[in-house]
Amino acid sequence: MLIDVAVNGITAGSVYALVAVGMTIIFGVLRAINFAHGEYYMLGTFGAWWAIETVELPYLVSIPLAVAIVAVIALAIGMLVMRRLIDAPFQIGVVATLGVSLVLQNVVILIFGGSYKMFNGGWIEPVEILGAGVSEQRILIVIAALVIFGGIELVVRRTRFGKTMRAVAQNIEACKIMGVDVPRVVTGTFVLGCCLAALSGALTAPVTGSLYGGMGTAITVKTFAIIVMGGVGNVSGTLLAAWLLGLMESAVAGYLGLQFRDAVAFIALIGVLTVLPGGLFSRRERF
Amino acid sequence: MGTDRGLRAAGFAGMLAFLLAAPGFLGEYQVHALIVSLTFLLPALGLNLILGYAGMLSFAQMAFFGIGAYVSALMAMRWGTPFWLNLCAASLVAGIVAVPLGFPALRLRRYSFVMCTLGFAVIAQTLAKNWVSLTRGDLGLSNVPRPVLGLWSSGLEIRSVTQYYYLALALGVIAVLAFLALVSSPAGRYMIAIREDETLAASLGAPTWRYRMAAFVLSAMFAGCGGSFYVHYYTVISPTIFDPYYGNTLLVIVLGGGVGTLGGVVAGSFIFVALSEVLRVAPDIRMIAYGLLLIVVVFGCPEGLLPLLMRRLRTWRRADAT
């Protein structure tokens, strides 16, 4: 039981982490809460499902295809909507991204119908680890999360793009003066964040097994809790907060009942913020 | 400025005259739509207070609305209490619940505050779904008694749509007057000062934390009243009331109409509820159109519809004068 709870928790946490890290880097450069972020996770799942069911591609090929589809959609939204949010008051970002979320969700429902769909694909054969049966897909998710987080830390710290990203996050005016193409950095970061959410969606689909148009909302809401707990803009803090939330949720679902799982994130959030207003890993409150 | 005030007063008087006469020439369905608008007006005024005057974006409004609705429904069903008592109790309970939430939430800056209040709505929904012995869970409460206007159990029972409409209108007018009295009082001025520059306001001796808490509690009380009327009108309530959809509608009303203005929020309640009703003709693309509209409105007139209109009017008159 304890090992099951731990395994489920770490897997769920890794899924959340991949979505949340995208949101946290977008927030960093844009200072806008992205209410549509869960929709890119949903689109990733739908992309992979569509590739398997309609185009009859193998699961392994469907993942990059799903990410590519979402990249195109995110690029369009980034150019049309997100760029306009630079320097805009924060309420504008809330309403605009809510609008984007409504459009994406309902376009998917219009095209594919509102019913639940089954996802057939992935590697769900169990493997024996420490006496507990763990599906291969879950192991893949955890490894993918670790590799991608390592990659993002590298990109953010070492590459030129990462440096511009951090510069924009710190001081947008100074960047403009220094000749940084701020709209381009914003769009680039946005597309990167959305692709991470889509990847997370495509990787998780075999474990959750079903998909529907409204599945993104719950993810968006939980992601908010994670990025605030992890400290906004803090990449490794996000991973730890996501794992922590995954473990807590899985413990609550296992010992108290599944119906209480979705409230855990916010009880934890309110608890954490009461004691540490800057999140778990930062002394200073920043946003 | 003087003519502006005259224009505003004339606008309100004209609108009130129209609303008073409305059931005379509108069909039952249109009157129903007006009732829905007036129901949304109450929590929207609350949101306007906390967002427009205290500068904090709260997603807890609809949760307080739902709490008010549940309190009112349970009191009427279990004890047969009259409408006025349910209304007061709903507003009071919503206000009391806001206090312990305010302690952690109001310490936070804007983004963390948004998420904290959003979380409160999720927790409220989980509670409504799982406290089955009280709320009947997902089934919700049905057959909530209709409102009775009277001191106790006897009195006029509101049944027809027209009667409901005038009750809603009376509540709406009282709420608007209360709101007006509040924001033009010294407390309202403190709230504006805090929104503009909290550090400066604090340095001038304004007890900022206390006023922010007051704004939060009062906004919850407005929402609780709205919830009470809502549940007596629809006579059913279920945990779906805590769904993000309703909270978003509220946000659209306040931000789309004109945050920090009274007329904008009143106009917003009617415009955006009407719009959502009109879009029902195409149910497939209704939410898509709504979403696109949000994006267009927010970039087209970021300060809201009414302030935009007022500015246009002013430029026209200036052009006339020269």
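Up top you'll find the structure we're talking about.
In this text, all values refer to a predicted model and were calculated from it rather than measured experimentally.

Draft legend 1. Broad picture of the overall build of chain A. A count of helices and strands for chain A gives 11 helices and 4 strands. In terms of overall size, chain A behaves like a compact globule, its C-alpha atoms giving a radius of gyration of 18 Å where 287 residues would be expected to give roughly 19 Å. Along the three orthogonal principal directions, the C-alpha set of chain A runs to about 60 × 45 × 35 Å. Going through the 287 residues of chain A one by one, you find that 51% of them count as buried.

Draft legend 2. Expanded view of the overall build of chain B. A tally of helices and strands in chain B yields 14 helices and 2 strands. The C-alpha radius of gyration of chain B comes to 20 Å, within 12% of the 20 Å expected for a compact globule of 322 residues. Dimensions along the principal axes, computed over C-alpha positions, put chain B at roughly 65 × 50 × 45 Å. Expressed as a percentage of its 322 residues, the buried residues of chain B come to 47%. Pairs at least 24 apart in sequence give 76% of the contacts found in chain B among residues at least 6 apart.

Draft legend 3. Inspection of the interface of chain B and chain A at higher detail. The interface of chain B with chain A comprises 36 residues on the first partner and 35 residues on the second. Looking at the side of chain B that touches chain A, the elements with two or more residues in it are helix H5 (110-130), helix H11 (244-257) and helix H13 (286-300) of chain B. Take the side of chain B that touches chain A: its biggest share by element is 13 residues, from H5 of chain B. Here the side of chain B that touches chain A is built from residues that sort into 25 nonpolar, 6 polar and 5 charged.

Draft legend 4. Fine view of the nonpolar core. One finds Ala 198, Ala 225 and Leu 269 of chain A together with Ala 94, Ala 121 and Val 254 of chain B to be the most contacted residues of the largest nonpolar core, which totals 199 residues. At 16 residues, the largest contribution of residues to this core is made by helix H1 (residues 2-30) of chain A.

Draft legend 5. Fine view of the packing of helix H10 (residues 235-255) of chain A against helix H11 (residues 261-275) of chain A. All names here are of chain A. Between H10 and H11, the least distance of the axes is 9 Å, while the angle of their chain directions is 135°. As far as their axial angle goes, H11 and H10 are oblique. In terms of crossing hand, the pair formed by H10 and H11 is right-handed. Note on element contacts: H11 touches H10 through Arg 261, Val 264, Ala 265 and Ala 268, opposite Leu 245, Met 248, Glu 249, Val 252 and Ala 253. Within the contact of H10 with H11, the residues separate by chemical class into 7 nonpolar, no polar and 2 charged.

Draft legend 6. Geometry of the packing of H1 of chain A against helix H6 (residues 160-170) of chain A. All names here are of chain A. Two numbers describe how H1 lies on H6: the axes approach to 6 Å, and their chain directions differ by 55°. The angle between the axes of H1 and H6 places the two elements in the oblique class. Counting all contacts with H1, which are made through Ile 25, Gly 28 and Val 29, the residues of H6 involved are Met 165, Val 168 and Ala 169. Each residue belonging to the contact of H1 with H6 can be placed in one class, and the counts come to 5 nonpolar, 1 polar and no charged.

Draft legend 7. Main features of helix H7 (residues 161-183) of chain B. Between its first and last C-alpha, H7 of chain B extends 32 Å over 23 residues, near the 33 Å set by a 1.5 Å rise per residue. What H7 of chain B keeps buried is the set Tyr 164, Tyr 165, Leu 167, Ala 168, Gly 172, Ala 175 and Phe 179 of chain B.

Criteria and thresholds
- Position numbers for residues count from 1 along each chain, tracking the sequence in the order it is written.
- Chain labels run from A onward and ligand labels from 1 onward, assigned in the order the entries are written.
- Only residues with pLDDT of at least 70 get local features here, since the model is predicted, and only at 80 or more are side-chain atom pairs given and counted; chain-wide, interface and lining totals rely on the full set of residues.
- Secondary structure elements are defined from DSSP: runs of H or I of at least 4 residues count as helices, runs of E of at least 2 residues count as strands, and each element is numbered from the N terminus.
- The reference for a compact globule is 2.2 Å times residues^0.38; the radius of gyration itself is calculated from the C-alpha atoms.
- Exposed residues have 12 or fewer other C-beta atoms within 10 Å of their own C-beta, buried residues have 20 or more, and residues in between are partly exposed; the C-beta atoms are placed from the backbone.
- With C-beta atoms placed from the backbone, a contact is any residue pair whose C-beta atoms sit within 7 Å.
- Three categories are distinguished: nonpolar for Ala, Val, Leu, Ile, Met, Phe, Trp, Tyr, Cys and Pro, charged for Asp, Glu, Lys and Arg, and polar for the others, with Gly belonging to the last.
- In plain words, the nonpolar core is the set of buried Ala, Val, Leu, Ile, Met, Phe, Trp, Tyr and Cys residues that C-beta atoms within 7 Å link up.
- A fitted line through C-alpha atoms serves as each axis, taken over the contacting stretch for helices, and the angle formed by two N-to-C directions is quoted from 0 to 180°.
- Orientation is classified from the angle alone, with under 35 degrees giving roughly parallel, over 145 giving roughly antiparallel, 65 to 115 giving roughly perpendicular, and any other angle giving oblique.
- By definition, turning the near helix anticlockwise from the far helix through less than a right angle yields a left-handed crossing, and turning it clockwise yields a right-handed one.
- Expected helix span is taken as 1.5 Å per residue step, with the number of steps being one fewer than the number of residues.

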